[in-house]
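What the coordinates show
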Amino acid sequence: MNPYPSPYPTVGQGSPYGPGPNGYPAAGPSPYPAAGPSPQWNYGPPPPNPHAYTPWVNRVLASVIDQIPMLVIFFVGYGIIAGIMIAATSGSSTTGEPSGAAVVVVMLAFLALFGVTLAFAVWNWGYRQGTTGQSIGKQVMKFKVISEKTGRPIGFGLSLVRQFAHVVDGFFYIGYLMPLWDGKRQTIADKLMTTVCVPVPAVAPAPPVHPGYPGPQGGLNPYAGPHR
C-alpha cells in the first residue's frame, strides 16, 4: 500500500465533478476568476499646439500688405478721373460746368475703377488664396490658409465665402482679436469655415556645385576651374 497517496484521482477513480472523457475524471472549476473586458482608456484628442499656427501679428501684417495694391489702384484711378474732370470743366462753356458727355465719361471711369479694384480682390482672396492657400500678403508673411479637415486649400468659392465671413469678425473687432487667445489662433470666420492659418515651411536651398563635379543636369559645372 502506498504510504503517500496522490491527492488527485487516477484513471478509474471517481471524481466529485463526474466522469470525464476517455475514463479520466472531469476537471473542476478554475480557481482563477474569469477575465473581464479590458478597460477602454479614452484620453481624447491632444490639446492644440499654438506654435503650429500662424501668430496674430503675421496675420495682421499680411492683411495690410493685401490692402496696398488696392489702395494704389484706387488712388491712381481717382487721379486719372480727377484729371478728366478738370479737363472737362476747363474746356466747357463760360458757366464752368462739365458737359453731359463729360459727366458720362466720369461715371464710366468710376465704374471701371470699381471693377478693376473688385477684380483684383476676387483674384487675390478668391482664386489665388483658394487654389494655393496664399494671398499676396500671406505669401510675403510665409503662411497659408488650409482646411482644418483636409489640410488643403479650400478652393475659389469657399475662399470668397470666408472673406465675406470676416464681416462677423468686425463686430467690436472681437473676431479679429480672437487669435490672441484661441488655441488654434482662429478668428470667428475661421471657425465657421473650419480653416486654420499655418506657417509655410522654408525650402532648403540647393547644395552648392563644387568645381569639377557634375552640375544639376549631369554635366560639368560651366563655372568650374581647370581640372587638376
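Each residue is numbered by its place in its chain's sequence as written, counting from 1. Totals for whole chains, interfaces and linings use every residue, but because this is a predicted model, local features are given only for residues with pLDDT of at least 70 and side-chain atom pairs only at 80 or more, for both listing and counting. Values reported for side chains reflect all heavy atoms of the structure, with hydrogen atoms and water molecules removed beforehand.

The name recorded for the protein chain in an unreviewed UniProt entry is RDD domain-containing protein, from Mycobacterium syngnathidarum. Entered under Subcellular location (unreviewed entry) in the UniProt record, the comment concerning the protein chain runs "Cell membrane". UniProt positions are given in the numbering used here, feature names are shortened, and annotations may be inferred rather than shown by experiment.

This paragraph deals with the UniProt feature "transmembrane region" (unreviewed entry) in the protein chain. In this structure's numbering, the residues bearing the UniProt feature "transmembrane region" (unreviewed entry) are residues 68-88 and 100-123. Secondary structure within residues 100-123 divides into 100% helix and 0% strand; the distance between the first and last C-alpha atoms comes to 35 Å. Strands here mean DSSP runs of E at least two residues long; helices mean DSSP runs of H or I at least four residues long; both are numbered from the N terminus.

It is worth spelling out the environment of Ala189 at this point. Among the structural elements, Ala189 can be located in helix 6 (residues 188-193). Discounting residues that sit within four places of it in the chain, Ala189 has contacts with Arg162, Ala165, His166 and Asp169. Here a residue-residue contact requires only that any non-hydrogen atoms of the pair lie within 4.5 Å.

Quick look at the side chain of Ser159 now. With respect to the element layout, Ser159 can be found in helix 4 (residues 156-169). Relative accessible area serves as the criterion here: at 0%, Ser159 is assigned to the buried category. When neighbours within four sequence positions are excluded, Ser159 is seen to be in contact with Trp125, Gly126, Gln129, Gly130 and Ile154. Burial classes: relative accessible area under 20% of the type maximum marks a residue as buried, over 50% as exposed, and values in between as partly exposed (1.4 Å probe, protein chains only).

A few words on the environment of Pro69. With respect to the element layout, Pro69 can be found in helix 1 (residues 56-90). Each C-alpha atom of the pair Pro69 and Phe120 lies 8.5 Å from the other, and the pair is 51 residues apart in sequence.

Moving on to a nonpolar patch on the surface. A residue counts toward a patch only above 30% relative accessible area and without a salt bridge, and it is joined to like-charged neighbours within 9 Å or, for Val, Leu, Ile, Met, Phe, Trp and Tyr, to nonpolar neighbours within 5 Å. Accessible areas in this description were obtained via Shrake-Rupley with a 1.4 Å probe; residue shielding takes into account the shown protein chains only. A carboxyl oxygen of Asp or Glu within 4 Å of a side-chain nitrogen of Lys or Arg is what we treat as a salt bridge. A surface patch of nonpolar side chains, about 1,200 Å² in accessible area, is lined by Val167, Val168, Phe171, Phe172, Tyr173, Ile174, Tyr176, Leu177, Leu180, Trp181 and Leu192. Breaking the nonpolar patch down by element, the ones donating at least two residues are helix 4 and helix 5 (174-177). Take the nonpolar patch: its biggest share by element is three residues, from helix 5. When you line up the elements, Leu177 lands in helix 5. For Leu177, a relative accessible area of 33% puts it in the partly exposed group.

Our next topic: helix 1. Look at helix 1: 51 Å from first C-alpha to last across 35 residues, which is about the 51 Å you get at 1.5 Å a residue. Those residues of helix 1 not exposed but buried are Arg59, Ala62, Asp66, Met70, Gly77, Ile81 and Ala88. Structurally, helix 1 contributes buried residues whose contacts are with helix 2 (100-132), helix 3 (136-140), strand 1 (143-147), helix 4, helix 6 and strand 2 (195-199). For a helix, the expected span equals 1.5 Å multiplied by the residue count minus one.

Okay, the packing of helix 2 against helix 4 next. Simply put, an axis is a line fit to the C-alpha atoms, just over the touching stretch for a helix, and the angle between two N-to-C directions goes from 0 to 180 degrees. Closest axis-to-axis distance for the helix 2/helix 4 pair is 7 Å, and the angle between their directions is 130°. With respect to helix 4, the element helix 2 is oriented oblique. Helix 2 and helix 4 meet at a crossing whose hand is right-handed. Within the contact between the two elements, helix 2 uses Val122, Trp125, Gly126, Tyr127, Gln129 and Gly130 and helix 4 uses Phe156, Ser159, Leu160, Arg162 and Gln163. Here the word oblique covers every angle except those under 35 degrees (roughly parallel), over 145 (roughly antiparallel) and from 65 to 115 (roughly perpendicular). Here is the rule for handedness: rotate from the far helix to the near one, and if that takes an anticlockwise turn smaller than a right angle the crossing is left-handed, while a clockwise turn gives right-handed.

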